[in-house]
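# A look at the structure
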Amino acid sequence: MRIYRLIFLRELKKVFSYKANYIFSLMFYSAIIFLVSIGLQGQNSVLTNVAPGLIWVAIILVLFLSFEDIFHDDYYDGTLDIYLIEDITFYGYALIKSFSHWLANCLPMIIVTPIIGIFVNLNSEIIIPMMVTLIIGTPALSFIGCMGSSLILSLKIHGLIMPIIILPLFLPILVFGVGALDVLIFNGFEELFLRQIALLAGVSGLSIAFCPIASAYIIKTNYD
Amino acid sequence: MSVFVNNLSCSQSGIKIISNISFSLKTGEILKISGENGSGKTTLLRAISGLGSYNSGEILISKDQVFLLGHNSGIKQNLTVEEDLEFWSEFYQNKHDNEILKKLGLSSKIHSQCRYLSQGQKQKLALTRLFCADKKIWLLDEPFSFLDEDSSNFLLSKIEDHRKNDGITIIVSHQNLIKNPDLFINLGVTE
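Just so it is clear, the model here is predicted, and its values are computed rather than measured.

### A closer look at the overall build of chain A
Counting its secondary structure elements, chain A contains nine helices and zero strands. Along chain A, helices (α) and strands (β) appear in the sequence α-α-α-α-α-α-α-α-α when read from the amino end. At 18 Å, chain A has a C-alpha radius of gyration in line with the 17 Å of a compact globule built from 224 residues. Here the C-alpha coordinates of chain A stretch approximately 60 × 35 × 35 Å along the principal axes. Scored against the burial criterion, the 224 residues of chain A give a buried share of 52%. On chain A, roughly 10300 Å² of surface is accessible, and the fraction owed to carbon and sulfur atoms is 72%. Considering chain A, the positive charge centre built from 10 side chains and the negative charge centre built from 14 side chains are found 9 Å apart.

### Remarks on the sheet that holds strand S8 (residues 183–186) of chain B
All names here are of chain B. Judged by pairing direction, the sheet is parallel, and its five strands sit side by side in the order S5-S6-S7-S3-S8 without closing on themselves. Only two strands of the sheet have a single partner each, and these edge strands are strand S5 (66–69) and S8. The average undirected angle you get between the axes of adjacent strands in this sheet is 10°. Across four bridges, the pairing between strand S3 (residues 30–34) and strand S7 (residues 168–172) is parallel. Looking at the pairing, Lys32 lines up with Ile171 of S7. Helix H5 (residues 149–164) rests against S3, strand S6 (137–141) and S7 of the sheet, and its axis sits at about 155° to S6.

### Some remarks on the sheet that holds strand S2 (residues 15–26) of chain B
All names here are of chain B. If you walk across this open sheet you meet the three strands as S2-S1-S4, and the pairing is antiparallel. Across the chains shown, the open sheet's two edge strands, defined by having one partner strand only, are S2 and strand S4 (56–60). The sheet shows a mean angle of 20° between the axes of neighbouring strands, taken without regard to direction. Inspection of the sheet shows strand S1 (residues 2–12) paired to S2 by eight bridges, in the antiparallel sense. If you follow Val5 over to S2, its bridge partner there is Phe23. Packing against the sheet, helix H1 (residues 41–49) makes contact with S1, S2 and S4, and its axis sits at approximately 125° to S1.

### A short note on the nonpolar core
All names here are of chain B. In this structure, Phe23, Phe91 and Ile170 are the most contacted members of the largest nonpolar core, which totals 118 residues. Ile170 has contacts with Val3, Phe23, Leu25, Leu31, Ile33, Leu45, Ile48, Trp138, Leu139 and Leu140, leaving out every residue within four places of it along the chain. Core analysis: the next-biggest nonpolar cluster, separate from the first, contains nine residues, Val81, Leu106, Leu117 and Leu125 among them.

### Structural notes on the interface of chain A and chain B
For an interface, size is often stated in terms of accessible area lost upon the parts coming together. With 25 residues of chain A at the contact, the number on the chain B side is 25 residues. Overall, the association of chain A and chain B removes approximately 2300 Å² of surface from exposure, summing both partners, and the carbon and sulfur fraction of that is 54%. The largest share of the area that chain A buries against chain B comes from Arg10, Ile82 and Ile85 of chain A, three residues that together contribute 30% of it. If you look at where chain A meets chain B, you find six salt bridges. For the pair chain A and chain B, the interface holds 15 residue pairs in polar contact (both at pLDDT 80 or more). Listing elements by their share of the side of chain A that touches chain B, those giving two or more residues are helix H1 (2–17), helix H4 (69–76) and helix H5 (79–85) of chain A. It is H1 of chain A that contributes the most residues to the side of chain A that touches chain B, eight residues altogether. Taken together, the residues of the side of chain A that touches chain B break down into eleven nonpolar, three polar and eleven charged.

### Description of the confidence of the model for chain B
Residue-level pLDDT values for chain B average 87, and 98% of them are 70 or greater. Interface predicted TM-score (ipTM) for the complex: 0.88; the corresponding pTM is 0.86.

### Some thoughts on helix H2 (residues 19–39) of chain A
Residues that lie three or four places apart on an α-helix share one face, since the helix turns once every 3.6 residues. Residues and elements named next belong to chain A. Look at H2: 30 Å from first C-alpha to last across 21 residues, which is about the 30 Å you get at 1.5 Å a residue. Regarding H2, the residues found buried are Tyr22, Ser25, Leu26, Tyr29, Ile32, Ile33 and Ser37. Buried residues in H2, looked at end-on, bunch into an arc of 130°, giving them a common side. Projecting away from the buried face of H2 at angles above 90 degrees are the exposed residues Phe24, Leu35 and Gly39. The elements touched by buried residues of H2 are H1, helix H3 (44–67) and helix H6 (90–116).

### Topic: the pattern of salt bridges
Charged atoms that come close allow side chains of opposite charge to pair. All names here are of chain A. Considering all chains together, one arrives at 16 salt bridges over all chains under this definition. Note that Lys97 and Asp74 form a salt bridge whose closest N and O atoms lie 3.0 Å from each other. Remark: Asp74 occurs in helix H4 and Lys97 occurs in helix H6; sequence separation between them is 23 residues. Overall, the relative accessible area of 3% leaves Lys97 in the buried class.

### Structural notes on a nonpolar patch on the surface
Residues and elements named next belong to chain A. The grouping of Phe28, Val57, Leu61 and Leu65 at the surface amounts to a nonpolar patch, some 350 Å² of accessible area in total. Element by element, the count of residues in the nonpolar patch is highest for H3, at three residues. Within the secondary structure, Val57 sits in helix H3.

### Overview of the side chain of Glu142 of chain B
Residue and element names in this part refer to chain B. Here Glu142 lies in the loop between S6 and H5. Among the polar contacts made by the side chain of Glu142, one reaches the side chain of His174 at a distance of 2.6 Å. Those residues in contact with Glu142 that lie beyond four places of it in its chain are Lys41, His71, Gln123, Val172, Ser173 and His174.

### Brief notes about the packing of aromatic side chains
This model, assessed by the stated rule, comprises 18 aromatic pairs over all chains. Seen in terms of ring centroids, Phe87 of chain B and Phe91 of chain B are 5.7 Å apart; in terms of plane orientation they differ by 40°. Their pairing is tilted. Here Phe87 of chain B and its partner Phe91 of chain B are both found in helix H2 (residues 81–92), four residues apart, which amounts to about one turn of the helix. Seen from their ring centres, Phe91 of chain B and Tyr92 of chain B are 5.1 Å apart, and the 80° between their planes marks the pair as edge-to-face. Relative accessible area serves as the criterion here: at 2%, Phe91 of chain B is assigned to the buried category. Through a chain of ring-to-ring contacts, the aromatic side chains of Phe71, Tyr83 and Tyr93 of chain A together with Phe67, Phe87, Trp88, Phe91 and Tyr92 of chain B assemble into a single cluster. The positively charged end of Arg10 of chain A is found above the aromatic ring belonging to Phe87 of chain B, 4.2 Å away from the centroid.

Quick notes on the rules
Residues numbered from 1 in each chain as written. Chains lettered and ligands numbered in written order. Predicted model: local features only at pLDDT ≥ 70, side-chain atom pairs only at ≥ 80, totals over all residues. Heavy atoms only, no water. Helix = DSSP H or I, 4+ residues; strand = E, 2+ residues; numbered from the N terminus. Rg over C-alpha atoms; globule rule 2.2 N^0.38 Å. Buried < 20%, exposed > 50% of the residue type's maximum accessible area, 1.4 Å probe, protein only. Areas by Shrake-Rupley, 256 points an atom, 1.4 Å probe, with all protein chains shown as cover. Lys, Arg positive; Asp, Glu negative; His and termini not counted. Charge placed at Lys NZ, Arg CZ, Asp CG, Glu CD. Pairing = 2+ DSSP bridges. Axes fitted to C-alpha atoms, helices over the stretch in contact; angles between N-to-C directions. Contact = heavy atoms within 4.5 Å. Core = buried A, V, L, I, M, F, W, Y, C linked by side-chain atoms within 4.5 Å. Buried area = accessible area lost by both parts, 1.4 Å probe. Salt bridge = Lys/Arg side-chain N within 4 Å of Asp/Glu carboxyl O. Polar contact = N/O pair within 3.5 Å; in protein donor to acceptor, adjacent residues only side chain to side chain. Nonpolar A, V, L, I, M, F, W, Y, C, P; charged D, E, K, R; others polar. pLDDT = per-residue confidence, 0-100. Expected span 1.5 Å × (residues − 1). Arc of directions from axis to C-beta. Patch = residues over 30% accessible without salt bridge, like charges linked within 9 Å, V, L, I, M, F, W, Y side chains within 5 Å. Phe/Tyr/Trp six-rings, centres within 6.5 Å; stacked < 30°, edge-to-face > 60°. Lys NZ or Arg CZ within 6 Å of the ring centre and 35° of its normal.

This is the structure we're talking about:
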């Protein structure tokens, strides 16, 4: 447990010591939202209605930029070799990488979403439910993304292989995440909102439970 | 403690790289492996360390006592030398020796980010991890690469100390710095 805690802290230190990485992610996230709001200027009601979907899609697009590097560094700089010799389990390693990816990439975007929401006329009553859906749903994005990242671990040229494989896996998260907010915006049904949130939490829970197992298996096959 | 390798064969993508290698090492012994580029030196070390797979044969080794110093040493570009040293010190639960840092000329670089180190300095940083780990079986893949003469001599003295402390060293090197290995294997030319 001590070594896993150490590796987790090192991951966070590594990410946050390279500020450009997450600052650029936040800037790209803001830029997408800002450009769409400029494109739809004068159509405030349309913007309000599409805001939840837009925020979710922007987050997914930004995350795609970070998925490629999740395991890449450790694999090519020899860190993964050292961990394996020291009997660090592939599962524990994948779990740490996925969780630290969520903390470093998703959490900053969730935090700035209430401010970003101003650009897209995000209704003030929707801000808290929006944050709830993001907090529940984005871990699934990180964990599925990590699984995708492990798929391209030993490929030097991979292009669009990973996005094509994992994009369909993001669909349930997008459907339930946006759907939960849509029922609030258009119908105001809290019960239906909670049902969608429960489904989103289910998908997220399944991703957290199974994706590190799949990642661990895929990383192992890269070594065999 | 010993290392026992019997009839080991490895292949990659269907091409046989190592064929029927056998040796055994006891405490305090050094094995030097040489051979042309692509003759399977690194493949052999990785198989012994447990990282690489092999087709046939047998390897008996105390895995918890293995330290592999490979071509890449787990150095993170955007962490400082100090952060790297602290991490591995805590990882191996063994404080790094400031004297070693001084001897390797890394003391003045302690607050530098690893991205600004030269290849030689990175190799020296990797060596500090070797000394910090306190393992009995050293697998060293070209450890003298990029090192200046003083640092090479320092490493040689450390390898000799390791031998005296009943450690086992398997060293892959093109240079002729290890003068008196107990065992020597030449993997020969690439087919």
